[in-house]
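# Residue-level structural notes
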Amino acid sequence: MIRKALKKDYSEILKLNRNDVEMLSPLDDNILGKMDELSEIFQVIEEDNRVIAFILTFKDGCDYWSDNYGWFLDNYTNYIYIDRIVIDESYRKRGLAQELYENLFNYALKNKYNLVCAEIDIEPEYNYPSIRFHEKMGFRQVGTRISKQTLTVSLQVKELK
């Protein structure tokens, strides 16, 4: 079941984030609360009263502090930025990420956004599963940048029609 993330979900969301922190930035309760306030879509997938996945997005023009978000803000308008999507390891390869993305695309189209934007780590460790997934979902690379953590990221967009 996809539903809006609630404050009561934070501990499970933070645990999911910690489990994949090498591909994400660290979060704590305070940062997550601020992100929640700014988010356009912050949803979870729940199964058996347990959060097994989440997606966190921002629309263009909000006060989000991410440098990667800032790159899109400088280069595009009328978009939704995917900050992070995390699927519990034991639930991967079941189509949950695709379900969350399709839900996001439908929302974006309904609300007349032109683009969905995302970034994927490509150096020092190339994130092949994420690159392949985003290609399958219709994203294309529009740039790269080196983040503060000396990671190179692929900046990607999906045009909506």
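One structure accompanies this document, and this report is about it. Fair warning: this is a prediction, and the values are worked out from it, not measured in the lab.

### Some thoughts on the environment of L155
Checked against the element boundaries, L155 lands in strand β7 (residues 152–159). The exposure class of L155 is buried, given its relative accessible area of 0%. C-alpha separation for the pair L155 and A118, spaced 37 residues apart in sequence, amounts to 6.2 Å. Excluding anything up to four places from it in sequence, L155 contacts N68, W71, F72, A118, E119, R140, Q141, V142, G143, T144 and R145.

### Examining the packing of helix α1 (residues 10–19) against helix α2 (residues 29–38)
Axis separation between α1 and α2 bottoms out at 11 Å; the angle between their running directions is 105°. With respect to each other, α1 and α2 are oriented roughly perpendicular. Residues Y10, I13 and L14 of α1 touch α2, and the partners they reach there are D29, L32, G33 and D36. For the contact of α1 with α2, a count of residues per class yields 4 nonpolar, 1 polar and 2 charged.

### What to know about the environment of L96
Among the structural elements, L96 can be located in helix α4 (residues 96–110). Overall, the relative accessible area of 12% leaves L96 in the buried class. For the pair formed by L96 and T77, sequence separation is 19 residues and the distance between their alpha carbons is 28 Å.

### Brief notes about the sheet that holds strand β1 (residues 2–4)
Pairing within the open sheet is mixed, and its 7 strands lie in the order β1-β2-β3-β4-β5-β7-β6. In this open sheet, the two edge strands, each paired with only one partner strand, are β1 and β6 (140–146). Pairs of neighbouring strands in the sheet enclose a mean axial angle of 30°, with direction left out of account. Alignment of strand β4 (residues 79–87) against strand β5 (residues 115–123), held across 3 bridges, turns out to be parallel. Within the sheet, the bridge partner assigned to I80 lies in β5 and is V116. This element, α2, spans β1, β2 (41–47), β3 (50–59) and β4 of the sheet and lies at about 60° to β3. Strands in contact with α4 are β1, β2, β3, β4, β5 and β7; relative to β4, the strand with the most contacts, it is inclined by about 160°.

Criteria and cut-off values
Residues numbered from 1 in each chain as written. Predicted model: local features only at pLDDT ≥ 70, side-chain atom pairs only at ≥ 80, totals over all residues. Heavy atoms only, no water. Helix = DSSP H or I, 4+ residues; strand = E, 2+ residues; numbered from the N terminus. Buried < 20%, exposed > 50% of the residue type's maximum accessible area, 1.4 Å probe, protein only. Contact = heavy atoms within 4.5 Å. Axes fitted to C-alpha atoms, helices over the stretch in contact; angles between N-to-C directions. Parallel < 35°, antiparallel > 145°, perpendicular 65-115°, else oblique. Nonpolar A, V, L, I, M, F, W, Y, C, P; charged D, E, K, R; others polar. Pairing = 2+ DSSP bridges.

Shape descriptors only; they carry no functional weight alone.
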